[in-house]
Amino acid sequence: MKNELLQRSKYIFWDVVAAMASYTTLFVYRRLVIEKEYYGVAQLQLSPSYYYGLLLIPIFWATVYLITGFYKDIYRRSRLKELFYTFNASLLGSIFIFFTLMLDDSVASYTDYYRGFLVYFSSHFLYTAIFRILLSTRTAHRIKSGKISFNTLLIGSNEKAAELYHELTTAGRKIGNRFIGFASVHNNIKFLIEKNLKHLGTYKELPQIIEDEKVEEVIIAIESSEHEKLEGIINNLEGSRVTIKMIPDTYDIISGKVRMESLGSTPLVEINHQLMPLWQKVLKRVFDIVVSVLFLVLLSPLYLLLYVITKLSDRGPAFYRQNRLGLYGKEFQMIKFRSMSMNAEVEGPQLSSENDERITPWGRFMRKYRLDELPQFINVLKGQMSIVGPRPERKYYMEKISEKAPHYKHLLKVKPGITSWGMVKFGYAENVDQMVKRLKYDIIYIENMNLFNDLKVLIYTVLIVLQGRGK
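Predicted, not measured: the structure shown is a model, and the values here were computed from it.

S.K.: Requested: an account of the overall build of the chain, with residues and values cited.
M.R.: Broken down by element type, the chain carries 16 helices and 10 strands. Within the chain, the fraction of its 471 residues that count as buried is 45%. For the chain, the proportion of contacts with a sequence separation of at least 24, taken over those separated by at least 6, is 72%. Of the roughly 25,500 Å² of accessible surface on the chain, a fraction of 60% belongs to carbon and sulfur atoms.

Okay, here's the thing in structure tokens:
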């Protein structure tokens with residue numbers, strides 16, 4: 001039985017113990033060795049600075065592990081990878097500690113610095129690695145004994161699915177997959193795999209199956225003749241927080257997508273959901289919060305001016321709220337300064353055009369300089385949006401776009417943004433066809449998400465605003 005919170009707590013607890021033990025080792029070494037060489041006398045007295053370090057150093061290490069994603073996916077991990085991660089994190093973190101705590105020490109020789117660093121790095125790595133290997137080894141034994149398993153859905157129904165199921169369930173050791181059923185590509189009358197597993201539906205019903213059966217892992221094992229449905233399968237898995245694996249083809253193996261740990265009797269390729277490293281996601285969120293607070297505070301006189309003019313220029317509220325789709329398709333209310341006349345959509349959802357008569361004269365000016373978007377920094381602060389990300393759409397138009405471009409659902413993997421690469425390169429869309437054309441720019445952004453590209457989008461957006469090229 002799994003308890004991820006308890007397992008994560010165990011790692012955090014022992015990481016804190018290791019951080020305290022390694023700091024104590026360094027403190028004792030400095031007092032009994034380095035200071036003895038310099039002062040000629042050794043005194044092991046626990047000063048207030050030692051207790052401050054004993055409190056702050058573990059917090060530093062826990063923060064490092066959190067922002068680098070070590071505590072995520074706590075059950076599925078390679079012990080060798082864990083060891084390499086621990087070595088790299090210990091090395092970089094120890095260098096930081098060295099420059100903040102050890103570089104101002106009084107030493108008899110500069111070699112004392114190297115010795116002190118080596119003592120701290122080696123002790124921290126050793127203590128941390130021992131505790132982690134013990135934890136991960138116990139977890140591995142529990143998986144092999146069947147005490148820990150992951151609800152697994154098999155997608156496929158014929159030869160490949162049956163062969164894969166046989167290999168995984170008759171392996172000499174258990175690998176943690178608990179098959180709860182299969183989803184087929186076609187809705188046939190008979191399936192080869194159904195003598196072993198329950199038929200739960202077709203790939204078109206994947207979101208509901210995953211929710212109902214509490215699926216944690218999906219393995220795609222479809223026939224070569226069914227590969228034209230692969231895009232649809234992946235699209236239907238978007239937004240589901242499950243591990244996705246599939247049988248690789250020859251190209252996947254040659255291109256290096258199949259790693260050495262996969263080269264057992266049943267090689268599988270894992271489809272990675274992680275678009276950005278966790279530390280970049282943390283920095284992106286911090287950036288969103290800091291910039292939003294600065295905008296809302298420093299530009300408060302402008303917000304007030306826009307509010308008053310919008311109220312006076314046209315009867316009705318100054319703010320306009322509209323339901324949009326956010327991360328994983330969750331709806332939220334996006335806030336804008338109202339740029340259209342009241343009851344502009346009395347006949348149903350409509351996209352605006354360049355010469356749209358519903359746009360007020362003042363609203364046209366705001367749109368030119370993107371001033372109507374400024375209230376969305378409130379959405380960013382609330383965590384519903386990011387400063388940079390694909391523009392959020394209404395559910396009505398999402399369904400329209402999905403009819404022509406099913407891969408639109410890829411946009412729901414990330415938070416929508418105030419500005420985007422699609423807005424920079426294409427601008428506002430006046431119809432569904434233009435939305436589909438703009439989509440390719442947002443897909444390119446998502447597949448290349450990083451902080452540098454966010455900065456690039458922001459610079460282009462500022463130029464567009466200053467030049468008044470909005471519409």
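S.K.: Can you break down the pattern of salt bridges residue by residue, with the values?
M.R.: Using the criterion set out here, one finds 10 salt bridges in the structure. Note that Glu373 is salt-bridged to Arg391, the shortest N-O span being 3.2 Å. Residue Glu373 is found in the loop between α11 (361–368) and α12 (376–381), and its partner Arg391 is found in the loop between β9 (386–388) and α13 (395–404); the two are separated by 18 residues along the sequence. Look at Glu373 and you get buried, because its relative accessible area is 4%. Between Lys404 and Asp433 there is a salt bridge, with its nearest N and O atoms 2.5 Å apart. Of this pair, Lys404 sits in helix α13 while Asp433 sits in helix α15 (residues 432–447), and the two are 29 residues apart along the sequence. Judged by its relative accessible area of 52%, Lys404 is exposed. Three or more residues joined by partner-sharing salt bridges are found here, namely Lys336, Asp372, Glu373 and Arg391.

S.K.: Run through the sheet that holds strand β2 (residues 177–184), naming residues and quoting values.
M.R.: What the 6 strands build is an open sheet, ordered β3-β2-β1-β4-β5-β6; its pairing is mixed. Strands with a single pairing partner mark the edges of an open sheet, and in this sheet they are β3 (199–202) and β6 (269–271). The sheet shows a mean angle of 30° between the axes of neighbouring strands, taken without regard to direction. Where β2 meets β3, 3 bridges bridge the pair, whose relative direction is parallel. What sits directly across from Phe182, in β3, is His199. On the sheet, helix α6 (residues 206–213) packs against β1 (150–155), β2, β3 and β4 (217–220) and is oriented at approximately 150° with respect to β3.

S.K.: So what's going on with the nonpolar core? Which residues, and what values?
M.R.: Core analysis: the biggest nonpolar cluster contains 40 residues, and Leu306, Phe377 and Ile387 have the highest contact counts within it. Per element, the largest residue contribution to this core is 7 residues, and it comes from α15. Leaving out residues up to four positions away in the same chain, Phe377 has contacts with Val291, Ser292, Phe295, Leu296, Tyr303, Ile387 and Ile418. Membership of the second largest hydrophobic core comes to 22 residues, among which are Phe27, Leu54, Val64 and Ile143.

S.K.: Let's hear about α13: which residues, and what values?
M.R.: Within the span of α13, buried status applies to Tyr397, Met398, Ile401 and Ser402. Taken down its axis, α13 places every buried residue within 140° of arc, on the same side. Considering only its buried residues, α13 is in contact with β7 (319–325) and α15.

S.K.: With reference to specific residues and values, describe the side chain of Glu217.
M.R.: Take Glu217: it is sitting in strand β4. Here Asn177 takes part through its side chain, which lies 2.8 Å from a polar atom of the side chain of Glu217. What Glu217 contacts, discounting residues up to four positions off in sequence, is Arg76, Asn151, Thr152, Leu153, Asn177, Val242, Thr243 and Lys245.

S.K.: Can you tell me about the environment of Asn88, naming the residues and giving the values?
M.R.: Within the element layout of this structure, Asn88 appears in helix α3 (residues 79–102). In sequence terms Asn88 and Phe125 are 37 residues apart; their C-alpha atoms lie 9.1 Å from each other.

S.K.: Requested: an account of the side chain of Asp288, with residues and values cited.
M.R.: Relative to the helices and strands, Asp288 resides in helix α9 (residues 278–298). For Asp288, which is buried and forms no salt bridge, the nearest opposite charge comes from Arg285, at a distance of 4.6 Å. At 3.3 Å, the side chain of Asp288 and the backbone nitrogen of Ile387 are in polar contact. When sequence neighbours within four positions are dropped, the list of residues in contact with Asp288 reads Val380, Ser386 and Ile387.

S.K.: Break down the packing of aromatic side chains for me, citing the residues and quoting the values.
M.R.: For the structure on display, the rule yields 29 aromatic pairs. Judged by centre distance (5.3 Å) and plane angle (70°), the ring pair of Tyr50 and Tyr51 falls under edge-to-face. Tyr51 sits in the partly exposed class, given a relative accessible area of 45%. Seen in terms of ring centroids, Phe98 and Phe117 are 5.8 Å apart; in terms of plane orientation they differ by 80°. Their pairing is edge-to-face.

S.K.: Account for helix α10 (residues 300–313), with residues named and values stated.
M.R.: For α10, built from 14 residues, the straight-helix expectation of 20 Å at 1.5 Å per residue is met to within 8% by its first-to-last C-alpha distance of 20 Å. Taken together, the buried positions of α10 are occupied by Tyr303, Leu306 and Thr310. Along α10, the residues classed as buried sweep out an arc of 65° about the axis, all on the same side. With respect to the buried face of α10, the exposed residues turned more than 90 degrees away are Pro301, Leu304 and Leu312. On its buried face, α10 is in contact with α9, β8 (331–337), α11 and α12.

Reading guide: rules and limits
- Residues numbered from 1 in each chain as written.
- Predicted model: local features only at pLDDT ≥ 70, side-chain atom pairs only at ≥ 80, totals over all residues.
- Heavy atoms only, no water.
- Helix = DSSP H or I, 4+ residues; strand = E, 2+ residues; numbered from the N terminus.
- Buried < 20%, exposed > 50% of the residue type's maximum accessible area, 1.4 Å probe, protein only.
- Contact = heavy atoms within 4.5 Å.
- Areas by Shrake-Rupley, 256 points an atom, 1.4 Å probe, with all protein chains shown as cover.
- Salt bridge = Lys/Arg side-chain N within 4 Å of Asp/Glu carboxyl O.
- Pairing = 2+ DSSP bridges.
- Axes fitted to C-alpha atoms, helices over the stretch in contact; angles between N-to-C directions.
- Core = buried A, V, L, I, M, F, W, Y, C linked by side-chain atoms within 4.5 Å.
- Arc of directions from axis to C-beta.
- Polar contact = N/O pair within 3.5 Å; in protein donor to acceptor, adjacent residues only side chain to side chain.
- Lys, Arg positive; Asp, Glu negative; His and termini not counted.
- Phe/Tyr/Trp six-rings, centres within 6.5 Å; stacked < 30°, edge-to-face > 60°.
- Expected span 1.5 Å × (residues − 1).

So far we have only geometry, and geometry alone does not tell us how the molecule works.
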